[in-house]
Amino acid sequence: MGIMELSDERLDQYVDDDRRAEIDERVESSLEEMTVEEKVGQLNQRSVHFITGTEDEGDELEGAIADGEVGSLLNVTDLETKRRLQERAVEESRLGIPLLIGYDVIHGYRTVFPTPLAQAASWNPELAERAERIAATEASADGHNWTFAPMVDVSRDPRWGRVMEGAGESPVLGSAFARARVRGFQGEDLSAPDTVLACAKHFAGYGAVEGGREYNTVNVSETALRERHLPPFAASVEEGVGSVMNAFNVHERIPASGNESLVDGILKGEWDFPGLVVSDWASFREQIQHGTASDRREAARKAIQAGSDIDMASEVVVDELADLVRDGDVSEDRLDDAVRRVLTVKGLLGLFEDPYRYFDEQRREEAMLTAQHRDAAREAARQSFVLLENEDDRLPLDPADDVAVIGALADSAEDALGAWSFEGRSEDVITIRDGLESFLDREVAYAPGYSLPSEVTDESMPGEVTDESLEAAVDAATDADVAVAVVGEPADITGEAASRSQIDLPGDQRRLLEALGETDTPVVAVLMNGRPLAIEWLAESVPAILDVWHPGVEGGPAVAETLFGEAVPGGHLPMSVPYNEGQIPVAHDRLPTGRPPGDGVRDYASKYLDVPNEPLYAFGHGESYTDFAYTDLTLSSNALSPGETLEATVTVENIGDIAGRDVVQLYVQDLVGSRSRPEKELVGFETVDLEPGETATVTVELGERDLAFWTADEEWAAEPGEFELMVGHAADDIVHTERFELRE
């Protein structure tokens, strides 16, 4: 997308002119009254309950709030505590400025949805918007007015545990989901009591941590930053996101929190972002560990001067900034700009009119885990499932079959919730085992097969298989007509601080599957995972593989409905799946090489000797229980002039026997550019639901903005020349191509 061409609406879309004028007047009046210390207090965010760092509770915190030393909180989990702390701010501090109360609401609140990466596999942004609308309704009913989501980092490295929080490897797909999730959280009116302030994170480049290792360094070129990592942030800003979070990593060896070119230069400068910028946990202070600040004072100065505003948890700002301003090392104008942004957001949320709007116990009771919310979570799960393999139409299963369920993950409520599901409760989850038994209306044979330790450590990893557990699993499978083997990774080895150097099936799960394969019973694999897994052996050995990710509270019924054909899988991969870790990164938008592979084993080309260049499963891949044919790809013109749009139209037909859903994917290659351009990159997509024999005409518009890139002149522009437009079922399954020209 053209990240230099953002619209002018942004945060102002949430308020009319009269109300905005009232908010601005209130903000300026408050600034005039505030002491330097009170201004600094608005930039200090304290944590209440321990989740990701040190615990901060008690009388000292309440006293700091009453003294005006705290502007926002995170990790407050009790509604009564939230009200009490807000009362301290409003009724006991000198100016009565209310608090922002933030929380990590990542893929649902009490109603836990599939993980964000799973939702991206639906290729249906409206699904994510609905999920976040529900999450905002529940979180706001429990006293929160700010969420630290969506994560919009683009990543091509599944070793990084946090890929489960994002939308995968494509900046185009990622931008679409970023917009949808911002809309879902913030609604149409930020002052409505059922909305929360969204936060696009982590700015910027965090998805490119070296080796996929959490908190590691990042080394991306300006071109990669502009073309791959920034577009979803730009989309979030254009959609009106109210806050942006700094990344932990460096860019050009300068920590993101203190990186003036990133924050003040691009975000607040080029994009004119009007919201607030919050640090990630203690990232202001971590400039010291990075070696770019000598002490806490310098860390505070660099972060504030770079354009960052709120200090989450490190307290270098509250300790040092007032003296920095008095000593002239930081201007009061810069301090006022940061505080103005914080106060404006509080005004947009309606906190000045009613600071207690989020503390309604009756609304909380009525909002949580409703039947409608559970229905939405089940539909989200169904749409997220990706059928990776289905040789000989092994799926769907026959409900009359005697089914054995093998695998501890099938009976694990905690792992169905996935990482980053803090308010999720295991008692709310319908597991895969429970879902199958309810669907079939009978008890099914079950054997765990492998262990899931209560705590994962270096010495205690999941997936251990004993002789006894193996024998029980084989016996259960032998006595059944079909064995459903639920394998993968538990939730606690995904998410933050959960990087893996090897991303195959953990533990001895392969041993279990090998033993099941030696029986005469057909085996179907259900894969639960937070990231794409390197499963070459599984793909070769098991004819049917359904990837259900970590599917949330309604995962069990959704899996059962899909396995038995009541629902038809229509998900497509948002990230490429590698054969093995040595291929990483492997993605659809790779650059061409001067030595492309030929047919020889040693032909001095860019290739491996032991594995293909292509991924095991390509970006966009997804099988179905039916088949779709694409015909008649046509372009409205073979030439595109500046300021105009070109329409690409294709006819899609369901040529199978049952209804299904497909994702029409459009890719483009810029054949000659001032910089080397990708072999193909996603530029558009459309989902279609078709009955057997039904056809649909899908039209996608393309303009200069869709063809633009970071040129050799260091500007965002589309260069005149020839382009190849491709339509297909996946990045490696292109069925039609057409060429067109972009005129000068």
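You'll find the protein entered in an unreviewed UniProt entry as beta-glucosidase, with Halorhabdus tiamatea SARL4B given as the organism. UniProt's Catalytic activity (unreviewed entry) comment on the protein is quoted here verbatim: "Hydrolysis of terminal, non-reducing beta-D-glucosyl residues with release of beta-D-glucose."

Trainee: What's the story with the packing of aromatic side chains in this structure? I'm lost.
Mentor: In this description, an aromatic ring pair is defined by two values, namely the gap between the centres and the angle between the planes. Tallied over the entire structure, the rule returns 14 aromatic pairs. Ring plane angle 70° and centroid distance 6.1 Å describe the contact between Tyr-103 and Tyr-109, whose orientation is recorded as edge-to-face. Of the two residues, Tyr-103 and Tyr-109, both sit in the buried class. Members of the aromatic cluster, joined through ring pairs, are Tyr-103, Tyr-109, Trp-420 and Phe-422. Stacked on the ring of Trp-710, the Lys or Arg Arg-226 has its end atom at 4.3 Å from the ring centre.

Trainee: Teacher, can you tell me more about the domain arrangement of the protein here?
Mentor: Parsing the protein into structural domains produces domain 1 (17-364), domain 2 (369-569) and domain 3 (628-742). On a C-alpha basis, the centres of domain 1 and domain 2 stand 35 Å from each other. Contacts between the two partners involve 37 residues from domain 1 and, on the opposite side, 39 residues from domain 2. Taking both sides of the interface into account, the surface hidden between domain 1 and domain 2 amounts to around 3,100 Å²; carbon and sulfur atoms contribute 62%. Applying the counting criterion to the domain 1 and domain 2 interface returns 2 salt bridges. Of the charged contacts in the structure, one is a salt bridge between Asp-428 and Arg-110, with a shortest N-O distance of 2.5 Å. Linking domain 1 to domain 2 there are 19 residue pairs in polar contact (both at pLDDT 80 or more). With 4 residues, the single largest contributor to the side of domain 1 that touches domain 2 is helix H6 (residues 125-141). Broken down by class, the residue content of the side of domain 1 that touches domain 2 amounts to 18 nonpolar, 10 polar and 9 charged.

Trainee: Where do I start with the UniProt feature "domain: Fibronectin type III-like" (unreviewed entry) in the protein in this structure?
Mentor: Mapped onto the present numbering, the UniProt feature "domain: Fibronectin type III-like" (unreviewed entry) falls at residues 662-731. Secondary structure within residues 662-731 divides into 6% helix and 60% strand; the distance between the first and last C-alpha atoms comes to 14 Å.

Trainee: I would appreciate a short explanation of the sheet that holds strand S22 (residues 695-703) in the present structure.
Mentor: Pairing between sheet strands relies on hydrogen bonds along the backbone, with the strands arranged either parallel or antiparallel. Taking strand neighbours across the sheet as the criterion, the 3 strands line up as S17-S19-S22 in an open arrangement whose pairing is antiparallel. Of all the strands in the sheet, the pair left with one neighbour each is strand S17 (628-635) and S22. Between one strand axis and the next, the sheet turns through 20° on average, direction left out of account. Strand direction decides the pairing type here: strand S19 (residues 645-654) and S22, joined by 9 bridges, are antiparallel. Among the inter-strand pairings, Thr-645 is bridged to a residue of S22, identified as Gly-703.

Trainee: Is there a simple way to explain the packing of helix H8 (residues 222-229) against helix H9 (residues 231-239) in this structure?
Mentor: Axes are the key here: two packed helices are described by the angle between their axes and the distance separating the axes. Orientation of H8 relative to H9, taken along the N-to-C sense of each, is 50°, at an axis distance of 5 Å. Between H8 and H9, the angle is such that the two are oblique. On H9, the residues touching Leu-225, Arg-226, Glu-227, Arg-228 and His-229 of H8 are Pro-231, Pro-232 and Phe-233. Partitioned by chemical class, the residues of the contact of H8 with H9 number 4 nonpolar, 1 polar and 3 charged.

Trainee: Is there a simple way to think about the nonpolar core in this case?
Mentor: Counting residues in hydrophobic clusters, the biggest one holds 181 residues, and the most contacted among them are Phe-203, Leu-321 and Leu-563. Ranked by the residues each element gives to this core, the list is headed by helix H14 (residues 332-348), at 7 residues. Here this core spans two domains, since at least three of its residues come from each of domain 1 (17-364) and domain 2 (369-569). Not counting chain neighbours up to four residues away, the residues in contact with Leu-321 comprise Val-40, Leu-43, Ile-304, Val-316, Val-330 and Leu-335. Formed by 29 residues, the second largest nonpolar core is a distinct cluster that contains Ala-696, Leu-707, Leu-725 and Phe-740.

Trainee: Sorry if this is basic, but what is going on with the layout of surface pockets here?
Mentor: Using a probe with the size of a water molecule, rolled over the atoms, empty space left in the structure can be pinpointed. Taken as a whole, the largest pocket holds about 1,300 Å³ of empty space. Forming the boundary of the largest pocket are 49 residues, of which Pro-171, His-588, Asp-589, Glu-681 and Leu-682 lie nearest the centre. Looking at the lining of the largest pocket, the elements with two or more residues in it are helix H7 (171-186), H8, strand S21 (681-690), S22 and helix H23 (704-707). In terms of residue count, the dominant contributor to the lining of the largest pocket is H7 (6 residues). Class assignment of the residues belonging to the lining of the largest pocket gives a composition of 23 nonpolar, 11 polar and 15 charged.

Trainee: Please clarify how the packing of H6 against H7 should be interpreted in this entry.
Mentor: The N-to-C vectors of H6 and H7 enclose an angle of 30°; their axes lie 7 Å apart at closest approach. Comparing the axis directions of H6 and H7 gives the class roughly parallel. In this structure, the crossing between H6 and H7 has a hand that is right-handed. Within the contact between the two elements, H6 uses Pro-125, Ala-128, Glu-129, Glu-132, Arg-133, Ala-135 and Ala-136 and H7 uses Ala-176, Phe-177, Ala-180, Arg-181, Arg-183, Gly-184 and Phe-185. Class assignment of the residues belonging to the contact of H6 with H7 gives a composition of 8 nonpolar, 1 polar and 5 charged.

Calculation rules
Residues numbered from 1 in each chain as written. Predicted model: local features only at pLDDT ≥ 70, side-chain atom pairs only at ≥ 80, totals over all residues. Heavy atoms only, no water. UniProt positions renumbered as here; feature names shortened; annotations may be inferred. Phe/Tyr/Trp six-rings, centres within 6.5 Å; stacked < 30°, edge-to-face > 60°. Buried < 20%, exposed > 50% of the residue type's maximum accessible area, 1.4 Å probe, protein only. Lys NZ or Arg CZ within 6 Å of the ring centre and 35° of its normal. Domains from an automatic or database assignment. Contact = heavy atoms within 4.5 Å. Buried area = accessible area lost by both parts, 1.4 Å probe. Salt bridge = Lys/Arg side-chain N within 4 Å of Asp/Glu carboxyl O. Polar contact = N/O pair within 3.5 Å; in protein donor to acceptor, adjacent residues only side chain to side chain. Helix = DSSP H or I, 4+ residues; strand = E, 2+ residues; numbered from the N terminus. Nonpolar A, V, L, I, M, F, W, Y, C, P; charged D, E, K, R; others polar. Pairing = 2+ DSSP bridges. Axes fitted to C-alpha atoms, helices over the stretch in contact; angles between N-to-C directions. Parallel < 35°, antiparallel > 145°, perpendicular 65-115°, else oblique. Core = buried A, V, L, I, M, F, W, Y, C linked by side-chain atoms within 4.5 Å. 1 Å grid on protein atoms, 1.4 Å probe; cavity = no way out; pocket = protein on both sides within 12 Å on 5 of 7 lines; lining within 4 Å. Points joined across faces, edges and corners; volume = space filled by probe spheres on them. Left-handed = near helix turned anticlockwise from the far one by under 90°.

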